[in-house]
Amino acid sequence: CLQELGAKVSVLEVDEVKIAALTQAGINAIYNRKENLASYQFIVDASPQGDFLDLSNLHSQAAIAAPGIPFGLTKAAHQVFKNRVIHDPLELGVATMLAMVMSED
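In what follows, the accompanying structure is described. Nothing here was measured: the structure is a model prediction, and the numbers come from that model. (Residues numbered from 1 in each chain as written. Predicted model: local features only at pLDDT ≥ 70, side-chain atom pairs only at ≥ 80, totals over all residues. Heavy atoms only, no water.)

If you trace the backbone, valine 14 turns up in the loop between β1 (10-13) and α1 (16-24). According to the relative accessible area criterion, valine 14 is exposed, its value standing at 52%. A C-alpha to C-alpha distance of 8.3 Å links valine 14 and isoleucine 30, two positions 16 residues apart in sequence. (Helix = DSSP H or I, 4+ residues; strand = E, 2+ residues; numbered from the N terminus. Buried < 20%, exposed > 50% of the residue type's maximum accessible area, 1.4 Å probe, protein only.)

In structure tokens form, the structure reads like this:
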């Protein structure tokens, strides 16, 4: 969707099979190189790893969407970027799914 809107999308990935599929789909895939993140102002953290986004590898004007858990920003990075971070740990969605499963016959 972002590419259709004209954005240049890159994905930081550790799985080489996924990198190949992303590249084939026309998406710039970067193999696990956090130092490259400093050149990107807008980041969506969809990683299952916590505390890996630090001040040293973030753009000084970064805006970050972190929709899950664990939270990717270190405490120091969160303190600096707290006004430019959207973090929703999905608690309401998970609680809703649990209620739905528990109510199924």
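Counting 11 residues, the largest nonpolar core consists of Leu37, Ile43, Phe52, Leu53, Leu58, Ala62, Ile64, Leu73, Ala77, Phe81 and Val85. Sequence-distant contacts of valine 85, that is, excluding residues within four places in its chain, are made with Ile64, Phe71, Leu73 and His78. (Core = buried A, V, L, I, M, F, W, Y, C linked by side-chain atoms within 4.5 Å. Contact = heavy atoms within 4.5 Å.)

With that out of the way, let us pick up the sheet that holds strand β3 (residues 42-44). An order of β3-β4-β5 is seen for the three strands of this open sheet, with the pairing classed as parallel. The sheet is open, and its two borders are formed by β3 and β5 (85-87), each paired with just one other strand. Direction aside, the axes of adjacent strands within the sheet are offset by 5 degrees on average. When β3 meets strand β4 (residues 63-66), the two strands line up parallel, connected through three bridges. Along β4, the bridge assignment pairs valine 44 with alanine 65. (Pairing = 2+ DSSP bridges. Axes fitted to C-alpha atoms, helices over the stretch in contact; angles between N-to-C directions.)

This brings us to unusual backbone geometry. With a phi close to 55 degrees, aspartate 51 is a non-glycine residue in the positive phi region. Note that aspartate 51 resides in the loop between β3 and β4.

Attention now moves to α1. Between the side-chain oxygen of the N-cap and the backbone nitrogen of valine 17 there are 2.8 Å, and the N-cap of α1 in question is aspartate 15. Once α1 ends, the next one or two residues include glycine 26, with phi positive near 85 degrees. (Polar contact = N/O pair within 3.5 Å; in protein donor to acceptor, adjacent residues only side chain to side chain.)

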